[in-house]
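Breakdown of the fold
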Amino acid sequence: MKFSKNILETIGNTPLVKLNKIVEGIDALVLAKVETFNPGNSVKDRMAVKMIEDAEADGRLQPGGTIIEGTSGNTGMGLALVAIIKGYKLICVISDKQSKEKMDILRAVGAKVVVCPTDVEPTDPRSYYSVSKRLASETPNSWYVNQYDNMSNSLAHYEQTGPEIWEQTDGKITHFVVGVGTGGTISGVGRYLKEKNPNIKIWGIDTYGSVFKKYHETGIFDENEIYSYITEGIGEDILPKNVDFSLIDGFTKVTDKDAAVYTRKIALEEAIFVGNSAGACIKGLHQLKEHFKPEDVVVVLFHDSGSRYVGKMFNDDWMRERGFLDENITKAEDVIKDHIDKQLIVVRTEELVSHAIERMRKYKISQIPVVDINGFVGSVDETDLFRSYVADKNVAEKPIKEVMGKPFPIVKLATPIEEVSKLFTKENDAVLVDLENGNHHIITKYDIIGSIK
Ligand SMILES: Cc1ncc(COP(=O)(O)O)c(C=O)c1O
């Protein structure tokens, strides 16, 4: 009989798959190491086992202990699997930027999840670096993993991922291109491959908002490079010990939009359902295409599964809200199509200002058309209300008709977007669209801004 003693034995030996359509225009054989075949659906299973086994071996982790880690989800999943099999408790400290699915999955495999804000300095006591460290010092019999500086992370890739890629390509690999977060994957695989053949080029994929590329090129840790970004899994605002810059030949940075668009393209063009850093990796590969020759064998690595991003990069509304969907917006109809099913919020001339304010709060809107039996007769917006309040503190009890401004202009569904945009002025924040079925909808200046690519 052929079976594994437990699920941990199924980690590794992931397939290497030729990419076809998505790499059209790149003159080389491009192969993807698809790490979603690991039981935790990501490459991180490999280093999770290695970090835990090394900590057991030198006594940092004691029987029945609590494992604590600041993790974006994939490492947490890997650690959770090992914790279950080996009988440890696990606390994952995660930043609020991470998808809800990732948090739910961690809870499903028994981890306790602590959520921290993203937009704070790493040294801030609320950051997930600081919270993880604090929890580790307060929890008895605990061990703080620290995947960033824990060298068992890159060692796992030196011992497994690197040799697998070398063997699967019969030693013919010429380039390895991969997203960089903790640096474990690039440094471990890179070190193994360069020891086998120093001519192999190692390229890192970075994101805008991260320090890696500039640091690699100039040796300067530039805090101006740090700002929040959407891409998940790659880029950092710190220099993890696991990133060995001396092994890396270069970095290229990929935008959030490109990473998201390419994540979707990989699923649609290659039938490989992988995560956001894979999209960044493939777009980065295209950015680097002048480095490849037809006889080259380029290996990319796909870190995790697309299922963790169904509410994000694989969701049309999420993509549209960020201007990531390349939709052709030419008419008024195109701007309202993703909220056309929502009811138009109005106030009546005889209602009170307090009613309009309540509706604005409830629906999180900044302006409301005013109607009477004849149709649209006015409008109120935040600025009108603010001015009226300054003039008279009892404005809330006044009827709307006493404070309302001019009605919003009305356009047709087919009105060109250029004409619609001309109707927005300092005095006018919205335009109504006649839906030609007796109903109307509203376009605000935020809708117009949202449609800018
Ligand atoms: C989805 C995803 N992509 C890429 C990476 C980067 O891999 P590494 O940490 O080995 O540099 C990570 C790790 O955090 C990840 O979770």
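Residues numbered from 1 in each chain as written. Predicted model: local features only at pLDDT ≥ 70, side-chain atom pairs only at ≥ 80, totals over all residues. Heavy atoms only, no water.

Bringing the site of the ligand into the picture now. Near the ligand, the surroundings consist of 16 residues, among which Lys-44, Gly-181, Thr-182, Thr-185 and Ser-277 are the closest. Separating an oxygen atom of the ligand from a backbone N or O atom of Gly-181 is a distance of 2.7 Å. Contact between the ligand and Thr-185: an oxygen atom at 2.5 Å from a side-chain N or O atom of the residue. Alone, the ligand offers 390 Å² of accessible surface; in the complex the protein occludes 97% of this. Its residues assigned to classes, the shell around the ligand comprises 3 nonpolar, 11 polar and 2 charged. (Near = heavy atom within 4 Å. Polar contact = N/O pair within 3.5 Å; in protein donor to acceptor, adjacent residues only side chain to side chain. Areas by Shrake-Rupley, 256 points an atom, 1.4 Å probe, with all protein chains shown as cover. Nonpolar A, V, L, I, M, F, W, Y, C, P; charged D, E, K, R; others polar.)

The next subject is the sheet that holds strand β14 (residues 410-412). Read across the sheet, 3 strands follow the order β14-β15-β16 without closing on themselves; strand pairing throughout is mixed. The strands lining the two open edges of the sheet, one partner per strand, are β14 and β16 (440-444). Averaged over all neighbouring strand pairs, the angle between strand axes comes to 40 degrees, with direction disregarded. In this structure, β14 lies alongside strand β15 (residues 430-434), joined through 3 bridges in parallel fashion. If you follow Ile-410 over to β15, its bridge partner there is Leu-432. (Pairing = 2+ DSSP bridges. Helix = DSSP H or I, 4+ residues; strand = E, 2+ residues; numbered from the N terminus. Axes fitted to C-alpha atoms, helices over the stretch in contact; angles between N-to-C directions.)

Moving on: the UniProt feature "domain: CBS" (unreviewed entry) in the protein. The residues that UniProt annotates with the feature "domain: CBS" (unreviewed entry) are residues 340-397. From the first C-alpha to the last, residues 340-397 spans 32 Å; its make-up is 36% helix and 26% strand. (UniProt positions renumbered as here; feature names shortened; annotations may be inferred.)

Moving on: the pattern of salt bridges. Under the counting rule described, the total for this entry stands at 28 salt bridges. The residue Glu-225 makes a salt bridge to Lys-253 at a minimum N-O spacing of 3.0 Å. Taken together, the residues span a long stretch of sequence, with Glu-225 in the loop between α7 (212-218) and β9 (250-254) and Lys-253 in strand β9 at a distance of 28 residues. Of the residues examined, Lys-253 reaches a relative accessible area of 8% and is grouped as buried. Each of Lys-33, Glu-35, Arg-46 and Glu-164 takes part in a single network of salt bridges with overlapping partners. (Salt bridge = Lys/Arg side-chain N within 4 Å of Asp/Glu carboxyl O. Buried < 20%, exposed > 50% of the residue type's maximum accessible area, 1.4 Å probe, protein only.)

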